[in-house]
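What the coordinates show
So the chains spell out like this:
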Amino acid sequence: FIRIADMKTVFSGIQPSGLVHLGNLLGAINNWVKLSEKNSKNYFCIVDLHSLTGLPNKDDLNKSISDTLKVLIASGINLDNSVIYIQSKLQEHAYLSWILSNFCQVGELQRMTQFKEKSSSFGTHSGLLTYPILMASDILIHKANEVPVGDDQTQHLELTRNIAERFNSNYGEIFPIPEKSIGKSGARLMSLRHPENKMSKSSDDINGTIYFNDSKESILKKFKSSVTDSENTIKYDPELKPGISNLIEIYAAITDKEIKDSEKEFQNLQYGEFKIAVAETVVDYLEPIKKKYEELTTNDIKDIVEKNLKLAHESAAETIMEVEEALGIN
Ligand code: TYM
């Protein structure tokens, strides 16, 4: 697992703040699996330091960390060229974050949509404000070129690019400028109950979110009660038909088909039949992940975690050495 100059490095992260849901899987993890089949070096991180901004209960956080880790391992990510690890165990993330905070304007942080949204509900502690700098350090610590994320992370990635450019122009070309990558569909899954809001872990209406470990019955029930519209035409139009479009999006993301083809496939069905067809596709998609998740033993996980943390540490230490040298603090 050594650095080869022309090999692409991929980094992405997920917060351990509750159960992994279908939005995480189709917007991000599914693309991690695909990228891990290619010839790249991949780092996939459980970003527990980020979750602290929500002031979680300690037992909940602890459980979420191990659950999320298991889901990532069970998702089918190719472990031969991918490193899955926990952010807090690699203290270089927080160290680099301090360094990078000097290359980021306060005004830029205040303009982040996620900061504006969250600061009203949790109050405003400075962790919420500086969150995107920690995210930049996650990406830059392994000199990632590509960051597969859902649509909601676009602004944070833009900021990361600005931070990297500013560091480079002051202290020399240390960081590659990372690109965002998004799957051809599924980048923004909406709640099944409130299709104007994105699907999230902590939605007010849990029937709008499909969790990775939902039972078949529960998935069917959630899809049957999903909110659509009063027409009966299956057409992709996110603005006028957000509910139906979201179902088409889910189907296209899982099957890797084009939106247009997915739409055509169902055009003669009633809404009720269409909902069941999508629900069954989701059940089939989640089945092997759930099965593997249940089969994983504590020992399997322990081995992977130890080996991967060592690899992540080697890569981070190398970057930190270059950064310290560039800054004159070596
Ligand atoms: P998080 O934990 O909220 O989500 C993890 C990934 O899932 C995607 N996602 C969605 N995609 C489609 N539809 C949805 N409804 C949906 N909900 C979530 C997210 O876009 C994300 O890709 N700040 C990040 C975590 C992070 C990170 C990083 C990501 C920290 N450092 C460095 C990439 C690189 C977050 O809160 O993701």
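Cut-offs applied
- Residues numbered from 1 in each chain as written.
- Predicted model: local features only at pLDDT ≥ 70, side-chain atom pairs only at ≥ 80, totals over all residues.
- Heavy atoms only, no water.
- Helix = DSSP H or I, 4+ residues; strand = E, 2+ residues; numbered from the N terminus.
- Rg over C-alpha atoms; globule rule 2.2 N^0.38 Å.
- Buried < 20%, exposed > 50% of the residue type's maximum accessible area, 1.4 Å probe, protein only.
- Contact = heavy atoms within 4.5 Å.
- Near = heavy atom within 4 Å.
- Polar contact = N/O pair within 3.5 Å; in protein donor to acceptor, adjacent residues only side chain to side chain.
- Areas by Shrake-Rupley, 256 points an atom, 1.4 Å probe, with all protein chains shown as cover.
- Nonpolar A, V, L, I, M, F, W, Y, C, P; charged D, E, K, R; others polar.
- Right-handed = clockwise from strand over helix to strand, strands pointing away.
- Axes fitted to C-alpha atoms, helices over the stretch in contact; angles between N-to-C directions.
- Parallel < 35°, antiparallel > 145°, perpendicular 65-115°, else oblique.
- Left-handed = near helix turned anticlockwise from the far one by under 90°.
- Salt bridge = Lys/Arg side-chain N within 4 Å of Asp/Glu carboxyl O.
- Core = buried A, V, L, I, M, F, W, Y, C linked by side-chain atoms within 4.5 Å.
- Phe/Tyr/Trp six-rings, centres within 6.5 Å; stacked < 30°, edge-to-face > 60°.
- Lys NZ or Arg CZ within 6 Å of the ring centre and 35° of its normal.

A few words now on the overall build of the protein chain. Tallying secondary structure elements over the protein chain gives 13 helices and five strands in all. Over its C-alpha atoms the protein chain spans a radius of gyration of 20 Å, differing by no more than 12% from the 20 Å that the globule rule assigns to 330 residues. Oriented by its inertia axes, the alpha-carbon framework of the protein chain measures out at about 65 × 45 × 40 Å. Within the protein chain, the fraction of its 330 residues that count as buried is 53%. For the protein chain, the share of sequence-separated contacts (at least 6 apart) that also reach a separation of at least 24 residues comes to 76%.

Bringing the site of the ligand into the picture now. Taken together, 27 residues form the shell around the ligand, and within it Q15, Y131, D138, D152 and L189 come nearest. Q15 has a polar backbone atom sitting 2.8 Å from an oxygen atom of the ligand. L189 places a polar main-chain atom, nitrogen or oxygen, 2.8 Å from a nitrogen atom of the ligand. Coverage of the ligand by the protein chains reaches 95% of its 710 Å² of free accessible surface. Only β1 (8–14), α1 (22–36) and α7 (126–141) provide two or more residues apiece to the shell around the ligand. Its residues placed into classes, the shell around the ligand shows twelve nonpolar, eleven polar and four charged.

Okay, the pairing of strand β2 (residues 40–46) next. Of all seven residues in β2, seven are buried; the element is thus mostly enclosed. Neither face of β2 is left uncovered, since the one carrying S40, N42, F44 and I46 and the one carrying K41, Y43 and C45 both have all their residues buried. Crossover β1 to β2 through α1 is right-handed.

The subject of this paragraph is the packing of α1 against helix α10 (residues 242–255). In contact at an axis separation of 11 Å, α1 and α10 are set at 45° when each is read in the N-to-C sense. In terms of their interaxial angle, α1 and α10 are classed as oblique. Pair α1 / α10 crosses with left-handed handedness. Seen from α1, the contacting residues are L22, L26 and N30; seen from α10, they are I250, A253 and I254. Tallied by class, the residues present in the contact of α1 with α10 amount to five nonpolar, one polar and no charged.

Tallied over the entire structure, the rule returns 18 salt bridges. For D67, the salt bridge is made with K63, and the minimal N-O distance between the two is 2.8 Å. Of this pair, D67 and K63 both sit in helix α3 (residues 58–74), four residues apart, which is roughly one turn of the helix. Across the salt bridge formed by K310 and E314, the nearest N and O atoms sit 3.4 Å from each other. One end of the pair is K310 and the other is E314, both in helix α13 (residues 298–327) and four residues apart, which spans about a single turn. Taking relative accessible area as the criterion, K310 reaches 55% and is therefore assigned exposed.

Turning to unusual backbone geometry, a few remarks are in order. Here the phi dihedral of L55 falls at roughly 45°; this positive angle occurs in a residue that is not glycine. Looking at the secondary structure, you find L55 in the loop between α2 (48–51) and α3. The residue D256 is not glycine, and still its phi comes out positive at about 65°. Tracing the backbone shows D256 in the loop between α10 and α11 (259–265).

Residues L22, I210, F223, I250 and V282 are the most contacted members of the largest nonpolar core, which totals 55 residues. Ranked by residues supplied to this core, first place goes to helix α12 (residues 271–295) with ten residues. Excluding residues that lie within four positions of it along the chain, V282 makes contacts with L22, I210, I219, F223, I250 and I254. In terms of nonpolar packing, the next biggest core, distinct from the first, is built from 39 residues, C45, Y85, L159 and F175 among them.

Another point: the environment of K257. Tracing the sequence through the fold places K257 in the loop between α10 and α11. The exposure class of K257 is partly exposed, given its relative accessible area of 31%. As a C-alpha pair, K257 and K184 span 73 residues in sequence and 9.1 Å in three-dimensional space. Once you skip the residues sitting within four places of it in the chain, K257 turns out to touch K184, Y251, A252, S262 and E265. A polar side-chain atom of K257 sits 3.1 Å from a polar atom in the side chain of Y251.

Another aspect to go through is the packing of aromatic side chains. One pass over the full model with this rule turns up eight aromatic pairs. When the ring of F212 is compared with that of Y293, the centres are 4.8 Å apart and the planes differ by 65°; the resulting orientation is edge-to-face. Of this pair, F212 sits in the loop between β5 (179–181) and α9 (216–224) while Y293 sits in helix α12, placing them 81 residues apart in sequence. When its relative accessible area of 1% is taken as the criterion, F212 is described as buried. Judged by its relative accessible area of 12%, Y293 falls in the buried class. Three or more aromatic residues link up through ring pairs in this structure, and these residues are F103, F167, Y171 and F175. For the cation-ring pair, K70 lies above Y293, with the distance from its terminal atom to the ring centre recorded as 4.4 Å.

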